[in-house]
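Residue-level structure breakdown
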Amino acid sequence: MSAVAQVIDVSAAAETEQELTDGFHLVIDALKLNDIDTIYGVPGIPITDLGRMAQAEGIRVVSFRHEQNAGNAAAIAGFLTKKPGVCLTVSAPGFLNGLTALANATTNCFPMILISGSSEREIVDLQQGDYEEMDQLAIAKPLCKAAFRVLHAADIGIGVARAIRAAVSGRPGGVYLDLPAKLFSQVMDADAGAKSLVKVIDAAPAQLPSPSAVTRALDVLKSAKKPLIILGKGAAYAQADAEIRSFIETSGIPFLPMSMAKGLLPDNHPLSAGAARSTVLKDSDVVVLVGARLNWLLSHGKGKTWGDAPKKFIQIDIEPKEMDSNVEIAAPLVGDIGSVIEALNEGIKTGWKAPAAEWIDAINARKEVNIGKMAQRLLKNSTPMDFHSALGALKQVIKERPDAILVNEGANTLDLARGVIDMYQPRKRLDVGTWGVMGIGMGFAIGAAVETGKPVLAVEGDSAFGFSGMEVETICRYNLPVCVVIFNNNGIYRGTDTDPTGRDPGTTVFVADSRYDKMMEAFGGVGVHVTTPDELKRAVDEAMDSGKPTLINAVIDPAAGSESGNIGSLNPQSVVKKK
Ligand code: ADP
Ligand code: TPW
Ligand code: MG
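Here we come to the site of ligand 1. Surrounding ligand 1, one finds 19 residues, the nearest of these being R171, K233, R293, D317 and I337. Residue R171 places a side-chain N or O atom 2.8 Å away from an oxygen atom belonging to ligand 1. Within the backbone of I337, an N or O atom sits 3.0 Å from a nitrogen atom of ligand 1. Here the element with the most residues in the shell around ligand 1 is helix α11 (residues 233-238); it accounts for 4 residues.

What follows is the structure, encoded as structure tokens:
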């Protein structure tokens, strides 16, 4: 317990010495009491001393160059650990910079707490123009799961406890905690302060499905001729890896992993239907959704992607409101994934018949064709490299180093890497998630390296990288084992666009043949420029072996990509032809 000893009432004859504490120390003590050991942030008024003091008290404080990246690091820490990742920012502009990450965390169901210092209530509420004045609580509220403000030092304990519980219980998400500047220097009796702290007991209680819901789901499942399991990032988050594996292997039902659920079971598992995605979505008759929403990433559960045959959905989710969000859910299983899968595993112990061989054979036949086609593309040794030949090298890297963490963003760089690079372990693939947001790259890479100590390979489109690129300095400063590979095709989607008027560069192109590797060198890291798959493989291996911060500028044919990667069809098209 830290406290500032201070003599009060010095005039008193008895010279009573009273131990005092203050807002700074109470915030730190409250976080430590709840096992929060890392803070990601950017310092400044009024939280500079909070960061310093937290570091002095043994919390790891990772200082970034921009709050959005600190926020993304906190968000992915939450995903990886099931503990809320904490991001600390200054008021108004710093808060707003962190807010995108908070909203993104909420959208992706990652537990995170954004703690921002704020200006004085009295001045903000009368709009009298305080330093960095902003009604932050009101602005944060619609963009996160919960938002709280603490005005009295004695309430810090309960405020931090509420923030933690709100972030991790039920459907995880982002929480905003507003701490006005005055709070930090408020003093109170140290003993009373210690007593005011709250240790959150059972922050994310198990939520068991009702027995009748389990029976209903088992009945639907047993009626299936062509069952399919879809694993989403909720399943990865739940850390119920053994139960999920047992459910799939005992039932013999093929599974399809969503992007960040890849590796929950290895992508080369005999029951993986990853390489037969279109076939299984179209032809399956019963689909079990495990922590995956029927949002745009699954074509809302209807339309061409899902075929004409009638389909029944069983959905496992902790959030009851998720059921029937897009289509009818025949068997909702509301509960936490670990508990629900355990109940299903119990239920299939008796009277379960594995899916018919025709279904499995049809999937395997499709997989074989698709994997064969892909293998040919990966072997192509074109100069300059296209996406596939470069990805062939990286696929091999992850195969040889399955415990490395892969961070991935971009358009072609994302969509093609997702398909090409097999994952073998849970929670090793971190990417743009539900929003397809650019800018998560360096924040996720830093968060993942700090939280796990594992080597990180960040595969970045040249545009995507630019959103968080300045954090290569942070990577060097903390000497993190991060290897960034930039797929440099001179622009967004392609590097070949031109301005029809001839005045400016095209809107999607960047300076041609940029040397991003020099950015890493500027801060003492290793920069490498590569033009062939062999050079790329060698450079990544070297980086991963040494653990040194490395940036590899991989030259990709500017004409190789397609507009918006795999989701070009979402682009609205103009119907007006200008002469
Ligand atoms: P993906 O993008 O991989 O398809 P989504 O983010 O759409 O995944 O879905 C994740 C779902 O998982 C969310 O609906 C969320 O409520 C749910 N979820 C998260 N954690 C748990 C858990 N422990 N138990 C049950 N459901 C969970
Ligand atoms: C916050 C729009 C989607 S993908 C992308 C942008 C700008 C970059 C694609 O180029 P990159 O990849 O990274 O070079 P590649 O391999 O195809 O050339 N702002 C935000 N999020 C999104 N999604 C965008 C803009 C976008
Ligand atoms: Mg690009």
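Here the narrative resumes, following the displayed structure.
A word on the nonpolar core. The biggest cluster of nonpolar side chains holds 152 residues, and the ones touching the most others in it are I230, L231, I244 and L430. In this structure I230 touches L256, M258, L281, V287, V288, L289, V290, A292, L298 and W306, once residues within four positions along its chain are discounted. One finds L391, A404, Y424 and V540 within the second-largest nonpolar core, a separate group that totals 31 residues.

Moving on: the layout of surface pockets. Summary: where empty space remains is shown by rolling a probe the size of a single water molecule over the atoms. By volume, the second largest pocket is sized at about 180 Å³. Around the second largest pocket sit 13 residues that line it, and P43, G51, R52, V61 and S63 are the ones nearest its centre. For the lining of the second largest pocket, the secondary-structure elements that each account for two or more residues are β3 (38-41), α2 (48-56) and β4 (60-63). The greatest single-element share of the lining of the second largest pocket, amounting to 4 residues, is contributed by α2.

Okay, helix α17 (residues 412-420) next. Burial analysis of α17 places 7 of its 9 residues in the buried class, which makes it a mostly covered element. Turning to α17, its buried residues are N412, T413, L414, D415, L416, A417 and V420. Residues of α17 that are buried in the fold lie against α15 (357-379), α16 (387-400), β15 (405-409), β16 (429-431), β17 (456-461) and β18 (482-488).

A word on unusual backbone geometry. Following I45, the chain continues to P46 via a peptide bond in cis, the omega torsion being 5°. Between T383 and P384 the backbone carries a cis peptide bond, its omega angle lying at -10°. Counting through the fold element by element, P384 comes out in the loop between α15 and α16. Residues other than glycine seldom take positive phi values, yet D324 does so here, at roughly 60°. Checked against the element boundaries, D324 lands in the loop between β13 (312-317) and β14 (331-334). Phi is positive for N490, which is not a glycine, with a value near 65°. Assignment of secondary structure puts N490 in the loop between β18 and α21 (517-522).

At 2.0 to 2.1 Å from the magnesium ion (ligand 3) lie its protein donor atoms, namely D462 (OD), N489 (OD1) and G491 (O). Considered as a linear motif, the donors of the magnesium ion (ligand 3) on their single chain read D-x26-N-x1-G. Pair noted here: D462 is in helix α19 (residues 462-466) and G491 is in the loop between β18 and α21, with a separation of 29 residues, a long-range link. G491 matches D462 in its accessibility class, with the two residues each being buried.

This next bit is on the state of the cysteines. By definition, a disulfide links two cysteine residues through a covalent bond between their sulfur atoms. Evaluation of the coordinates by the stated rule reveals 0 disulfides. Left unpaired, C109 is separated from the closest cysteine sulfur, that of C144, by 14 Å.

We now examine the packing of α15 against α16. Geometry of a packed helix pair, given as the angle between the helix axes and the separation of the axes. Between α15 and α16, the least distance of the axes is 7 Å, while the angle of their chain directions is 100°. Taken together, the axis directions place α15 and α16 in an arrangement best described as roughly perpendicular. Touching M374, R377 and L378 of α15 are H388, S389, G392 and K395, all from α16. Residues that form the contact of α15 with α16 fall into these classes: 2 nonpolar, 3 polar and 2 charged.

Attention shifts here to the sheet that holds β17. Taken in spatial order, the 6 strands line up as β16-β15-β17-β18-β20-β19 in an open sheet, and their pairing is parallel. The sheet is open, and its two borders are formed by β16 and β19 (526-530), each paired with just one other strand. The sheet shows a mean angle of 15° between the axes of neighbouring strands, taken without regard to direction. Here β17 runs beside β18; their pairing, made up of 6 bridges, is parallel. Across the sheet, the residue bridging to A458 is V484, located in β18. Packing against the sheet, α17 makes contact with β15, β16, β17 and β18, and its axis sits at approximately 140° to β15.

Enumeration according to the criterion identifies 3 cavities of 30 Å³ or more in this entry. Here the largest cavity is characterised by a volume of approximately 90 Å³. Considering every element that reaches the lining of the largest cavity, the biggest residue donor is helix α3 (residues 67-81), with 3 residues. Of the residues in the lining of the largest cavity, the class split is 5 nonpolar, 4 polar and 4 charged. Here the second largest cavity is characterised by a volume of approximately 40 Å³. Forming the walls of the second largest cavity are P254, P270, L271, S272, I360, I363, N364 and K367. Partitioning the lining of the second largest cavity into residue classes produces 5 nonpolar, 2 polar and 1 charged.

Rules used throughout
Position numbers for residues start from 1 in each chain and track the written sequence from start to end. Both sets of labels track the order of writing: A upward for chains, 1 upward for ligands. At least 70 in pLDDT is required for a residue's local features to be given in this predicted model, at least 80 for side-chain atom pairs to be given and counted, and no such filter applies to totals for whole chains, interfaces and linings, which use all residues. Calculated side-chain values reflect all of the structure's heavy atoms, with hydrogen atoms and water omitted. We call a residue near a molecule or strand as soon as one heavy atom of that residue lies within 4 Å of the molecule or strand. Under the rule applied, a polar contact is a pair of N or O atoms within 3.5 Å (in protein, one hydrogen donor and one hydrogen acceptor; residues adjacent in sequence only if both atoms are side-chain atoms). To qualify as a helix, a DSSP run of H or I must reach at least 4 residues; to qualify as a strand, a run of E must reach at least 2; elements of each kind are numbered from the N terminus. To qualify as a nonpolar core, a set must consist of buried Ala, Val, Leu, Ile, Met, Phe, Trp, Tyr and Cys residues joined through side-chain atoms within 4.5 Å. Think of it in three bands: with a 1.4 Å probe and only protein chains considered, a residue is buried below 20% of the maximum accessible area for its type, exposed above 50%, and partly exposed in between. When checking whether two residues touch, look at their non-hydrogen atoms; a contact exists if any pair is within 4.5 Å. Any residue with an atom within 4 Å of a point lines the site, the site being either a cavity, points on a 1 Å grid over the protein atoms alone where a 1.4 Å probe fits but cannot get out, or a pocket, an open set with protein on both sides within 12 Å along at least 5 of 7 lines. Grid points are joined across faces, edges and corners, and a volume is the space filled by probe spheres set on the points. Water is not among the atoms examined, so metal sites may look incomplete; donors are the N, O and S atoms within 2.8 Å of the metal, or within 3.2 Å for Na, K and Ca. Note on disulfides: each one is a pair of cysteine sulfur atoms within 2.5 Å. Here an axis means a line fitted to C-alpha atoms, over the contact stretch when the element is a helix, while the angle between two N-to-C directions is reported on a 0 to 180 degree scale. Angle categories: roughly parallel below 35 degrees, roughly antiparallel above 145, roughly perpendicular from 65 to 115, and oblique for all the rest. The residue classification treats Ala, Val, Leu, Ile, Met, Phe, Trp, Tyr, Cys and Pro as nonpolar and Asp, Glu, Lys and Arg as charged. All others, Gly included, are polar. Being paired, for any two strands, means DSSP has found at least two bridges between them.

Everything listed here is a matter of coordinates, which is why it stays silent on function.
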